[in-house]
Amino acid sequence: MSTELEQFYEVFFEESSELLAEMEACLLGLDLSSPDPEDLNAIFRAAHSIKGGAGTFGFTDMTEMTHMLESLLDKLRKGEIEIRSEMIDTFLRAGDIIKGQLAAHRGDGAADEAAAAEVSNELKQFSEETTEALNIDKESTSSTTEQPDHKPNEAKNVVVESLPATSKTEQVSFNIEF
């Protein structure tokens, strides 16, 4: 391995270690009753950055773990799910797993694959719970809301409103009325 490539690896290892420490500090300081959006964003960004670097170097074990963590954190940031203490515990354990994977890629021991599989399963369960809850909410909403009878291919009144574009993206709002 070239000296330059070794330097890139070392930068990744150092930055990932720092990001994991920041992520852990934010998780430990998080107020479950009223999580600070900035803390959730910081935790998400740390996982996202680690995932990107791990993907660049081909560390698929780290990429997979951080991807699952990042997905749940994104749902928390968007308010799609509420944080619970069990999630914090699992996120902290995921951070420990990623630290072990990082150390293994650095050449300092072996990653605990059994613990990684266990934490992965817990993260998947949280994700499935949120998906199930969203499906239940949709079902209960559709079953309690009176739906008008529509025939196939019946014309429907659709109103589309366009908002002013920003310099980065165009914003479009759709209001569909039946």
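The present account deals with the structure reproduced in this document. (Residues numbered from 1 in each chain as written. Predicted model: local features only at pLDDT ≥ 70, side-chain atom pairs only at ≥ 80, totals over all residues. Heavy atoms only, no water.)

Our next topic: the overall build of the chain. The helix and strand tally for the chain stands at 5 helices and 2 strands. Within the chain, the proportion of its 178 residues that are buried is 30%. Pairs at least 24 apart in sequence give 61% of the contacts found in the chain among residues at least 6 apart. Here the chain has roughly 11,600 Å² of accessible surface; of this, 50% comes from carbon and sulfur atoms. (Helix = DSSP H or I, 4+ residues; strand = E, 2+ residues; numbered from the N terminus. Buried < 20%, exposed > 50% of the residue type's maximum accessible area, 1.4 Å probe, protein only. Contact = heavy atoms within 4.5 Å. Areas by Shrake-Rupley, 256 points an atom, 1.4 Å probe, with all protein chains shown as cover.)

Here we take up the packing of helix α1 (residues 3-29) against helix α2 (residues 37-57). In the contact formed by α1 and α2, the axes pass within 9 Å of each other and the chain directions differ by 155 degrees. Taken together, α1 and α2 sit at an angle that is classed as roughly antiparallel. Seen along the crossing, α1 lies across α2 with a hand that is left-handed. Every residue of α2 that contacts α1 at F8, Y9, F12, S16, L19, L20, M23, C26 and L27 is listed here: D39, A42, I43, A46, A47, S49, I50, G53, A54 and F57. (Axes fitted to C-alpha atoms, helices over the stretch in contact; angles between N-to-C directions. Parallel < 35°, antiparallel > 145°, perpendicular 65-115°, else oblique. Left-handed = near helix turned anticlockwise from the far one by under 90°.)

Looking now at the environment of I98. Structurally, the position occupied by I98 is in helix α4 (residues 85-106). Looking at I98, the relative accessible area reads 0%, which means it is buried. When the C-alpha atoms of I98 and A47 are compared, they prove to be 9.9 Å apart, with 51 residues separating the residues in sequence. Beyond its immediate stretch of four places on either side in the chain, I98 contacts L20, I50, M62, M65, T66 and L69.

L69, F91 and L123 are the most contacted members of the largest nonpolar core, which totals 40 residues. If you list the elements that add at least two residues to this core, you get α1, α2, α3 (60-77), α4 and α5 (113-144). Sequence-distant contacts of L123, that is, excluding residues within four places in its chain, are made with M65, M68, L69, L72, T90, F91 and A94. (Core = buried A, V, L, I, M, F, W, Y, C linked by side-chain atoms within 4.5 Å.)

A rise of 1.5 Å per residue sets the reference length of α2, with its 21 residues, at 30 Å; its end C-alpha atoms lie 30 Å apart and thus fit the reference within 8%. Among the residues of α2, L40, N41, I43, F44, A46, A47, I50, K51, G53, A54 and F57 are the ones counted as buried. Residues of α2 that are buried in the fold lie against α1, α3 and α4. Capping the start of α2 is the job of one residue whose side-chain oxygen sits 2.9 Å from the backbone nitrogen of E38: D36. Following α2 by one or two positions, G58 adopts a phi angle in the positive range, close to 80 degrees. (Expected span 1.5 Å × (residues − 1). Polar contact = N/O pair within 3.5 Å; in protein donor to acceptor, adjacent residues only side chain to side chain.)

Summarising the element assignment, Q101 is placed in helix α4. By relative accessible area, Q101 is classed as buried at 3%. Not counting the four nearest positions on each side in its chain, Q101 is found in contact with D61, M62, M65, A111 and A116.

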